[in-house]
Amino acid sequence: AAIANIIKENKCLELLDLRNNNLQDAGLAHICSGLSEQISPSVGLRNLCLSNNYITSHGISYLSKALVCF
């Protein structure tokens, strides 16, 4: 949830590497919440690395919804 708040308010972080963190679907849901509420889609996070986090197709659905905002 803390990372989601950082993403939401972010104006300069372009790359966030969260590989190998065991986020799972619940963690990705929080991150996607921050992405979908990002202050300005034209400024901020552009690259998000999520490999090896035990994310299922259910979690990817959160990501797809967040990316529609862009």
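Residues numbered from 1 in each chain as written. Predicted model: local features only at pLDDT ≥ 70, side-chain atom pairs only at ≥ 80, totals over all residues. Heavy atoms only, no water.

1. Section: the pattern of salt bridges
Evaluated as defined, the whole model comprises two salt bridges. Across the pair Glu 37 and Lys 8 runs a salt bridge, and its minimum N-O distance is 3.1 Å. Of the two residues, Glu 37 sits in the loop between helix 2 (24-36) and strand 2 (47-49) while Lys 8 sits in helix 1 (residues 2-9), which places them 29 residues apart along the sequence. For the salt bridge of Arg 19 with Asp 17, the shortest nitrogen-to-oxygen distance reads 2.4 Å. The class for Arg 19 is partly exposed, based on a relative accessible area of 43%. On the basis of relative accessibility, which here comes to 36%, the residue Asp 17 falls in the partly exposed class. (Salt bridge = Lys/Arg side-chain N within 4 Å of Asp/Glu carboxyl O. Helix = DSSP H or I, 4+ residues; strand = E, 2+ residues; numbered from the N terminus. Buried < 20%, exposed > 50% of the residue type's maximum accessible area, 1.4 Å probe, protein only.)

2. Comments concerning helix 2
The terminal C-alpha atoms of helix 2, which comprises 13 residues, lie 18 Å apart, in line with the 18 Å expected from a rise of 1.5 Å per residue. For helix 2, the elements touching its buried residues are helix 1, strand 2 and helix 3 (57-68). (Expected span 1.5 Å × (residues − 1). Contact = heavy atoms within 4.5 Å.)

3. Things to note about the packing of helix 2 against helix 3
Contact pair helix 2 / helix 3: the axes reach a minimum separation of 9 Å and the direction vectors enclose 5°. Of the possible angle classes, the one that applies to helix 2 and helix 3 is roughly parallel. Note on element contacts: helix 3 touches helix 2 through His 58, Gly 59, Ile 60, Tyr 62, Leu 63 and Ala 66, opposite Asp 25, Leu 28, Ala 29, Cys 32, Leu 35 and Ser 36. When its residues are assigned to classes, the contact of helix 2 with helix 3 shows eight nonpolar, three polar and one charged. (Axes fitted to C-alpha atoms, helices over the stretch in contact; angles between N-to-C directions. Parallel < 35°, antiparallel > 145°, perpendicular 65-115°, else oblique. Nonpolar A, V, L, I, M, F, W, Y, C, P; charged D, E, K, R; others polar.)

4. Some thoughts on the environment of Ile 7
Within the secondary structure, Ile 7 sits in helix 1. Residues Ile 7 and Leu 35, 28 residues apart in the sequence, show an inter-C-alpha distance of 6.2 Å. Once residues within four sequence positions are removed from consideration, Ile 7 is found in contact with Leu 16, Ile 31, Gly 34, Leu 35, Gln 38 and Leu 45.

5. Side note on the packing of helix 1 against helix 2
Interaxial distance between helix 1 and helix 2 falls to 7 Å at its minimum, and their mutual angle equals 15°. Looking at the two axes, helix 1 sits roughly parallel to helix 2. You can see that helix 1 and helix 2 cross each other, and the crossing is right-handed. When helix 1 is examined against helix 2, the residues Ile 3, Ala 4, Ile 7 and Lys 8 are found in contact with a partner set consisting of His 30, Ile 31, Gly 34 and Leu 35. Considering only residue class, the contact of helix 1 with helix 2 consists of five nonpolar, two polar and one charged. (Left-handed = near helix turned anticlockwise from the far one by under 90°.)

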